[in-house]
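Inside the fold
Letter by letter, the chains look like this.
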Amino acid sequence: MRHVQRPQVPPQQPYPQAPQQQPQYDRGGQDYNPNFTQAQASGYDSGYSTGQVYGGPQDAGGGRGGGHGSVPPQYSPRPAGGPGPAAPDWRRRIKVGSAVLLVGVLAWGVGTYAWASSQMRNEVDLAKVIERPAEGDCTTYLIVGSDSREGMSAEEKKKLHTGSAEGKRTDSMMILAACSSGNTMISLPRDSWVTIPSFVGSESGKQYGPRGGSKLNAAYAMDGPELLVRTVEYNTGLRIDHYAEIGFAGFANIVDALGGVEMNIEKGFKDKKSGADFQAGQQTLNGEQALAFVRTRYAFAESDLARTKNQQKFLSALANQAATPGTILNPFTLYPTLGAGLDTLIVDKDMSLYDLAKMFFAMKGISGGDGKSMNIPISGSAPQGSLKWDMPKVKQLVKEIQNDEPVTVTSNR
């Protein structure tokens, strides 16, 4: 058979593969190739596996576990001088933080307002007051301190020198006129000689005729706050917009919750009935001392007139300390103060927490020189040790308040 010689075909050359780039590590100044294993270097394979399974180099096939040909994970070091991590956006962080803070403050404020409003005792119905004067341009408050011992223990009555009389009577009365032209605080002596006008009993609904020649505090004893407001309006001609009353215990508790009230007592005095015992000078009064200070009358030659001046002075100092950022923005002071006062503070049904705040800020303005404090003008004495008002001056004073004009009237006592 004829031998046929076939042409020789050159062997197929494998397709060239791009060399795989591997990071080079410096080992003592020599270039190190991680793909070049010790076995390859010596030509001897011991068959020993390092045992690395997880977290170690991956094999060339992409599987896990140690073995021949395994390589470390890819690592791309940042070139020297290259860009670093992005800087934090502080403007955005500040905006977000401010928004969160604002929402928190608003939530706290709304919650506090709602809680405080729920604590107020809106019990006085001024709608029952009849034959009222016309409204004026200023907002007027009748502020009353009563000798109510409501909620007081026998020990507290003894400590505060309040006695144990039943019921309650007015211990102090004053009109606060909050006006754009300036605020005015006018004390009404409890022994003022006035006419108690006709009125309809707040509980009985019965009609009562007028009673001339009575003391002002008798109106409160006869039929409570509504008749007192009716009597003040009848004798002054000034409409009362809001009513606020606080008893002995509430007054003392508010002072203690504030940590005391700073006062400058010009002349020392003592009074066994009220428990007052003061030296002259700057001092901080606690609740017990504050109550004695505003109740004392027998230690002064002017009796009730001197007491009303002290009451005005103390209330202005109290408002000045209460209506400050240190009290309003500090929950550890604000909540005890509101809790101590609101549940013993009796106000009219239309008075809101906002109106109450305006009242305090108006009193604070007086202590800061924005306004004036005075006794209602007195012309002389009347029967039963009472005081007669100077009616021409009273009418002028009321006219200036009604028209929101600066008060020019002065009291002669």
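Note: the structure precedes this text.
Within any chain, residue numbers begin from 1 and follow the written order of that chain's sequence. Whole-chain, interface and lining totals are the exception, using all residues; otherwise, since this is a predicted model, local features are given only for residues with pLDDT of at least 70 and side-chain atom pairs are given and counted only at 80 or more. Side-chain descriptors were evaluated using all non-hydrogen atoms of the structure, hydrogens and water having been removed beforehand.

Some remarks on the overall build of the protein chain
Spelled out, the test is: Per the convention used, a helix needs a DSSP run of H or I reaching at least four residues, while a strand needs a run of E reaching at least two, with both numbered from the N terminus. Think of it in three bands: with a 1.4 Å probe and only protein chains considered, a residue is buried below 20% of the maximum accessible area for its type, exposed above 50%, and partly exposed in between. Any two residues whose heavy atoms approach within 4.5 Å are treated as being in contact.
Helix and strand content of the protein chain: eleven helices and 19 strands. Out of the 413 residues belonging to the protein chain, those deemed buried represent 39%. Within the protein chain, contacts between residues at least 6 apart in sequence are counted, and of these 66% link residues at least 24 apart.

Observations regarding the side chain of D355
Our working definition: Charge convention: Lys and Arg are scored as positive, Asp and Glu as negative, and His as well as the terminal groups of each chain are ignored. Salt bridges, as used here, are contacts in which a Lys or Arg side-chain nitrogen is within 4 Å of a carboxyl oxygen on Asp or Glu. The definition of a polar contact used here is a pair of N or O atoms within 3.5 Å, where within protein one atom must be able to donate a hydrogen and the other to accept one, and adjacent residues in sequence count solely through side-chain atom pairs.
Among the secondary structure elements, D355 is positioned in helix α10 (residues 353-367). Buried charge without a partner: D355 forms no salt bridge, and the closest opposite charge is K358, 5.0 Å away. A distance of 3.0 Å separates a polar atom in the side chain of D355 from a polar atom in the side chain of S352. When near neighbours in sequence (up to four residues on either side) are disregarded, D355 contacts Y141, H242 and D350.

Description of the sheet that holds strand β3 (residues 121-124)
This is how it is decided: Two strands qualify as a pair provided DSSP detects at least 2 bridges between them. Interaxial angle, 0 to 180 degrees, is taken between N-to-C directions of lines fitted to C-alpha atoms, where a helix line uses only the stretch in contact.
Strand order across the open sheet formed by seven strands is β3-β16-β11-β4-β5-β6-β17, with mixed pairing between neighbours. The open sheet is flanked by β3 and β17 (371-375), the only strands paired with a single partner. The sheet shows a mean angle of 25 degrees between the axes of neighbouring strands, direction not considered. Bridge count for strand β11 (residues 242-246) against strand β16 (residues 345-348) is three bridges, and the pairing is antiparallel. Bridge pairing in β16 places I246 opposite L345. Lying on the sheet, α10 is in contact with β4 (139-146), β5 (170-178), β6 (183-187), β11, β16 and β17; it crosses β4 at an angle near 85 degrees.

Topic: the nonpolar core
Selection rule: Put simply, a nonpolar core is a bunch of buried Ala, Val, Leu, Ile, Met, Phe, Trp, Tyr and Cys residues held in one set by side-chain atoms that sit within 4.5 Å of each other.
L176, F293, F314 and M359 are the most contacted members of the largest nonpolar core, which has 44 residues in total. With seven residues, the single largest contributor to this core is helix α7 (residues 304-322). If we ignore the near neighbours within four places in the chain, the residues touching F293 are M263, I265, F269, F278, L285, N310 and F314. Grouped together as the second largest cluster of nonpolar side chains are 34 residues, V129, V144, I376 and I378 included.

Things to note about the environment of K393
Within the secondary structure, K393 sits in helix α11 (residues 391-402). Linking K393 and V409, residues 16 residues apart in sequence, is a C-alpha distance of 6.7 Å. Look past the residues within four positions of K393 in its chain and what remains in contact with it is P377, V409 and T410. In this structure the side chain of K393 is engaged in a polar contact, spanning 3.5 Å, whose partner is the backbone oxygen of T410.

Concerning the pairing of β16
Working note: regular strand, side chains alternate between the two faces of the sheet. Note that β3 and β16 share three bridges and pair parallel. Directly across from N122, in β16, lies its bridge partner V347.

Considering the pattern of salt bridges
Counting across every chain of the model gives eight salt bridges. Here D191 ties to R297 by a salt bridge, and the two come within 3.0 Å at their closest N and O atoms. With D191 in the loop between β6 and β7 (193-196) and R297 in the loop between α6 (287-295) and α7, the pair connects residues that are 106 residues apart, well separated along the chain. Note on D191: relative accessible area 10%, which makes it buried. Here R307 ties to D304 by a salt bridge, and the two come within 2.9 Å at their closest N and O atoms. In this pair, R307 and D304 are both assigned in helix α7, three residues apart and thus about one turn of the helix distant. Because the salt bridges share partners, they merge into one network encompassing D191, K215 and R297.

A word on the packing of α6 against α7
The line we're drawing: Each angle gets one of four labels, with under 35 degrees taken as roughly parallel, over 145 as roughly antiparallel, 65 to 115 as roughly perpendicular, and the rest as oblique.
At a closest axis distance of 7 Å, the pairing of α6 and α7 adopts a crossing angle of 140 degrees. In this view, α6 runs oblique relative to α7, as classed from their interaxial angle. From α6, A290, F293, V294 and R295 reach across to α7, where they touch R307, N310, Q311 and F314.

Considerations on the environment of L142
As for its placement among the helices and strands, L142 is situated in strand β4. Measuring from C-alpha to C-alpha, the distance between L142 and H242 comes to 6.3 Å, with 100 residues separating the pair along the chain. Setting aside anything within four residues of it in sequence, one finds L142 in contact with M174, I175, L188, L228, V229, V232, I240, H242, Y243 and A244.

Some points on the packing of aromatic side chains
As a reminder, the rule being used: Two aromatic rings, drawn from Phe, Tyr or Trp (for Trp, its six-membered ring), form a pair once their centres lie within 6.5 Å of each other, and the interplanar angle then sorts them: stacked below 30 degrees, edge-to-face above 60, tilted otherwise. Two conditions define a charge sitting above a ring: the NZ of Lys or the CZ of Arg must be within 6 Å of the ring centre, and it must be within 35 degrees of the ring normal.
Counted according to the given criterion, the structure contains seven aromatic pairs. Arranged with centres 6.0 Å apart and planes meeting at 40 degrees, the rings of F269 and F293 form a pair that is tilted. In this pair, F269 is assigned in strand β13 (residues 269-271) and F293 in helix α6, connecting sequence segments 24 residues apart. Each of the two residues, F269 as well as F293, counts as buried. Judged by centre distance (6.3 Å) and plane angle (50 degrees), the ring pair of F293 and F314 falls under tilted. Placement of the pair is F293 in helix α6 and F314 in helix α7, with a sequence separation of 21 residues. Grouping aromatic residues by their ring pairs yields a cluster made of F251, F269, F278, F293, F300 and F314. Positioned over the ring face of Y298 is K273, at 4.3 Å from the centre of the ring. Sitting over the ring of Y298, R297 keeps its end group 5.5 Å from the ring centre.

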